[in-house]
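# Results of the structural survey
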Amino acid sequence: MYNMMDSIDKSDAEIYELIKKEGARIRNGIELIPSENFTSKAVLQAYATLCTNKYSEGYPGKRYYGGNQFIDLIESLAIERAKKLFGAEHVNVQPYSGSPANQAVFFALLNLHDTFMGFDLSAGGHLTHGSPVNFSGRNYNCVPYTVDKETELLDYEQIEKQAEKIKPKMILSGLTAYPRKIDFKAFKEICDSVNAYHFADIAHIAGLCATGLHQNPVPYCDVVTTTTHKTLRGPRGGIIMCKTEDKLDKNGKKNLAEKIDAAVFPGLQGGPHDHVNAAKAVAFKEALQPEYKQYCSQIVKNAKALADSLMSQGLDLVTGGTDNHLMVIKLVNKGLIGRGKEIQNALGEAEIYVNKNTIPYEPNTPFNPSGIRLGTPAVTTRGFKESEMEVIGKLIAKVIDNYQDKGVIEKVRNEVLELCKHFPLYPGLDILR
Ligand SMILES: *Cc1c(COP(=O)(O)O)cnc(C)c1O
């Protein structure tokens, strides 16, 4: 028998070295990209197993291949735990990631070119919420809603008026770069008044919804999707939660849960990734523990502390702050319109990882936008608290104010390295595992 963990350094030295370098990068840097996180060792271990070898097209108890007696139990555990975590009636854990999960929902609920409303990408929505370059905007007729120009907040009266006029078959709520709470109940009322499906995508805020720190959309939605690798802190993947009853097709041949399952398989996917589903099950179990709620509550506290620190350094934030795990710096008042990319790169040289982002009513282009998006799920996993957030806010402001000054960037980088030394990441774990 070969030793699975030792063999890669001998069989593929190139990839081995690069994975080691990626390990050093995350250990030495401050990870503020709000969609990223660090899974537990248990999740990593479940992920890197021989379950990757199995074919199991179908669902537990109804597979197209033999030998699935244990895979059935793994998938069923993942489903039961997700149901408990969100109070969902039905869960499909097979989507390969967030985007395929959303694609399956569109496939199940809409016909080609049907009209829906989704959150404008530049104001905080996701590509899969109707962007013209994405399947959601190309195959379906998206009429985007956006935030109020003054407050930069969602304006539910405005959205309701728009829905009355547009008569969409579905309204998609959810966020990628919106730093405030979403009123899913208000979205449900709008959907009910125009007889539309309500579909929420909680990829970013799933952990906050599961632990009661943000309203849980599940009771107010026909369908909810989430990724499993953002605040949920599991492996890369997606899940779909839904009601059984299809409110727009009560006497249809299939109920809503059956439509969703059929859209995932055989509609869009073949065999599920059973190793990922095992890791999802482990992550859901972790998320059901009391420590996970403490973790999520620290994410929100850290985000507030980081936002306060940035604002006290004279930086402007979209909506003037945050209620969740993320915030968007507006570079406009610093005279840095369209400089998001340069700032992202300067911060990256200082080993502070963020991403450039558009701001509402973006004055420049999506490739050279005027915002920087950052969030606290990963640094909170690492053990950072409010006092570290205050320091990091100051370091970020220093780089933004001196983004072309290599000397300043080098000094900040040294402070970052020093800070990170006190918070070892994956201690004792060979980074390859
Ligand atoms: C990240 C994200 C997705 C997509 O997830 P992938 O796993 O990258 O495909 C979908 N919706 C929202 C709101 C997201 O933030």
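Residues numbered from 1 in each chain as written. Predicted model: local features only at pLDDT ≥ 70, side-chain atom pairs only at ≥ 80, totals over all residues. Heavy atoms only, no water.

### With respect to the overall build of the protein chain
A count of helices and strands for the protein chain gives 16 helices and 15 strands. Taken over the C-alpha trace, the protein chain has a radius of gyration of 22 Å; the compact-globule value for 433 residues is 22 Å, and the two agree within 12%. Projected onto its principal axes, the C-alpha coordinates of the protein chain cover approximately 70 × 65 × 35 Å. For the protein chain, with 433 residues in total, the buried portion stands at 54%. Intrachain contacts of the protein chain at a sequence separation of at least 6 include 72% that bridge at least 24 residues. (Helix = DSSP H or I, 4+ residues; strand = E, 2+ residues; numbered from the N terminus. Rg over C-alpha atoms; globule rule 2.2 N^0.38 Å. Buried < 20%, exposed > 50% of the residue type's maximum accessible area, 1.4 Å probe, protein only. Contact = heavy atoms within 4.5 Å.)

### Concerning the packing of helix α4 (residues 69-86) against helix α11 (residues 274-287)
For the pair α4 and α11, the least separation of the axes is 8 Å and the interaxial angle reads 35°. You can see that α4 and α11 cross each other, and the crossing is left-handed. Across from Ile-71, Ile-74, Glu-75, Ala-78, Arg-81, Ala-82 and Leu-85 in α4, the residues of α11 making contact are Asp-274, Asn-277, Ala-278, Ala-281, Val-282, Phe-284, Lys-285 and Ala-287. Its residues placed into classes, the contact of α4 with α11 shows 10 nonpolar, 1 polar and 4 charged. (Axes fitted to C-alpha atoms, helices over the stretch in contact; angles between N-to-C directions. Left-handed = near helix turned anticlockwise from the far one by under 90°. Nonpolar A, V, L, I, M, F, W, Y, C, P; charged D, E, K, R; others polar.)

### Observations concerning the sheet that holds strand β11 (residues 316-317)
Sheets are built from strands paired through backbone hydrogen bonds, the pairs being either parallel or antiparallel. The 4 strands lie next to each other as β11-β12-β15-β14, forming an open sheet whose pairing is antiparallel. Of all the strands in the sheet, the pair left with one neighbour each is β11 and β14 (355-357). Both strand β12 (residues 326-330) and strand β15 (residues 371-375) contribute to a ladder of 5 bridges, which runs antiparallel. Bridge assignment links Met-327 to a residue of β15, and that residue is Leu-374. (Pairing = 2+ DSSP bridges.)

### Re the sheet that holds strand β9 (residues 223-227)
Here we have 7 strands laid out as an open sheet, ordered β4-β10-β9-β8-β7-β5-β6, and mixed in their pairing. On the outer flanks of this sheet lie β4 (90-92) and β6 (141-142), each paired with one strand and no other. Summarising the sheet, β4 and strand β10 (residues 238-242) pair through 3 bridges and their orientation is antiparallel. For His-90, the partnering residue across the bridge sits in β10 and is Cys-242. Contacts between helix α10 (residues 256-268) and the sheet are confined to β4, β9 and β10, with β10 contributing the most and set at about 160° to the helix.

### What about the nonpolar core?
Formed by 52 residues in total, the largest nonpolar core has its most connected members in Phe-86, Leu-154, Ile-171, Ile-202 and Met-241. Of the domains in this structure, domain 1 (46-287) and domain 2 (291-424) are the two that each give at least three residues to this core. In this view, Ile-171 contacts Met-117, Tyr-145, Ala-163, Phe-187, Ile-190, Cys-191, Ala-196, Tyr-197, His-198 and Phe-199; residues no more than four positions away in its chain are not counted. If you look at the next biggest cluster of nonpolar residues, it comprises 38 residues, including Ile-30, Leu-331, Leu-336 and Leu-374. (Core = buried A, V, L, I, M, F, W, Y, C linked by side-chain atoms within 4.5 Å. Domains from an automatic or database assignment.)

### Digging into the packing of helix α15 (residues 386-401) against helix α16 (residues 406-421)
Close contact between α15 and α16 brings their axes to 10 Å; oriented N to C, the two are set at 165°. The angle between the axes of α15 and α16 places the two elements in the roughly antiparallel class. For the pair α15 and α16, the crossing hand works out as left-handed. Residues Glu-388, Ile-392, Leu-395, Lys-398 and Val-399 of α15 pack against Val-408, Val-412, Glu-415, Val-416 and Leu-419 of α16. Of the residues contributing to the contact of α15 with α16, the split by class is 7 nonpolar, no polar and 3 charged. (Parallel < 35°, antiparallel > 145°, perpendicular 65-115°, else oblique.)

### Points about the site of the ligand
Around the ligand, a shell composed of 14 residues is seen, among which Ser-97, Ser-99, Asp-201, His-204 and Lys-230 lie nearest. Contact distances for the ligand include 2.4 Å between an oxygen atom and a side-chain N or O atom of Ser-97. Separating an oxygen atom of the ligand from a side-chain N or O atom of Ser-99 is a distance of 2.7 Å. Protein chains bury 86% of the 380 Å² of accessible surface belonging to the ligand in isolation. (Near = heavy atom within 4 Å. Polar contact = N/O pair within 3.5 Å; in protein donor to acceptor, adjacent residues only side chain to side chain. Areas by Shrake-Rupley, 256 points an atom, 1.4 Å probe, with all protein chains shown as cover.)

### Quick look at the pattern of salt bridges
Per the counting criterion, the structure on display carries 23 salt bridges. Of the charged contacts in the structure, one is a salt bridge between Glu-22 and Arg-25, with a shortest N-O distance of 2.8 Å. Remark: Arg-25 and Glu-22 occur in helix α2 (residues 13-28); sequence separation between them is 3 residues, near one turn of the helix. On the basis of relative accessible area, Arg-25 is assigned to the partly exposed category, the value being 26%. Residue Glu-349 pairs with Lys-406 through a salt bridge whose shortest N-O separation is 3.1 Å. You can see Glu-349 sitting in helix α13 (residues 340-349) and its partner Lys-406 sitting in helix α16, a full 57 residues away along the chain. It is possible to trace a salt-bridge network through shared partners that takes in Lys-188, Asp-192, Asp-222 and Lys-247. (Salt bridge = Lys/Arg side-chain N within 4 Å of Asp/Glu carboxyl O.)

### With respect to the side chain of Ser-136
Note that Ser-136 resides in helix α6 (residues 135-138). Residue class for Ser-136 comes out buried when judged on its relative accessible area of 0%. Within the local environment of Ser-136, its side chain forms a polar contact with the backbone oxygen of Leu-127, the two atoms lying 3.2 Å apart.

### Digging into the environment of Pro-377
As for its position among the elements, Pro-377 is in helix α14 (residues 377-382). Residues Pro-377 and Ile-240 lie 137 residues apart in sequence; the distance between their C-alpha atoms is 22 Å. The residues contacting Pro-377, other than those within four sequence positions of it, are Pro-34, Glu-36, Asn-37, Thr-231, Tyr-295, Ile-299 and His-325.

### Digging into unusual backbone geometry
Pro-266 follows Phe-265 through a cis peptide bond whose omega is 10°. With respect to the secondary-structure elements, Pro-266 resides in helix α10. The backbone phi angle of Asn-195 is positive, close to 60°, even though this residue is not glycine. Structurally, Asn-195 can be placed in the loop between α8 (184-194) and β8 (197-201).

### What about the domain arrangement of the protein chain?
Once the domains are mapped, the protein chain shows domain 1 (46-287) and domain 2 (291-424). With centres defined by C-alpha atoms, the gap from domain 1 to domain 2 works out at 29 Å. Every contact between the two is made by 28 residues of domain 1 and, on the other side, 28 residues of domain 2. When the area that domain 1 buries against domain 2 is broken down by residue, the three leading residues are Glu-152, Pro-179 and Arg-180, summing to 27%. (Buried area = accessible area lost by both parts, 1.4 Å probe.)

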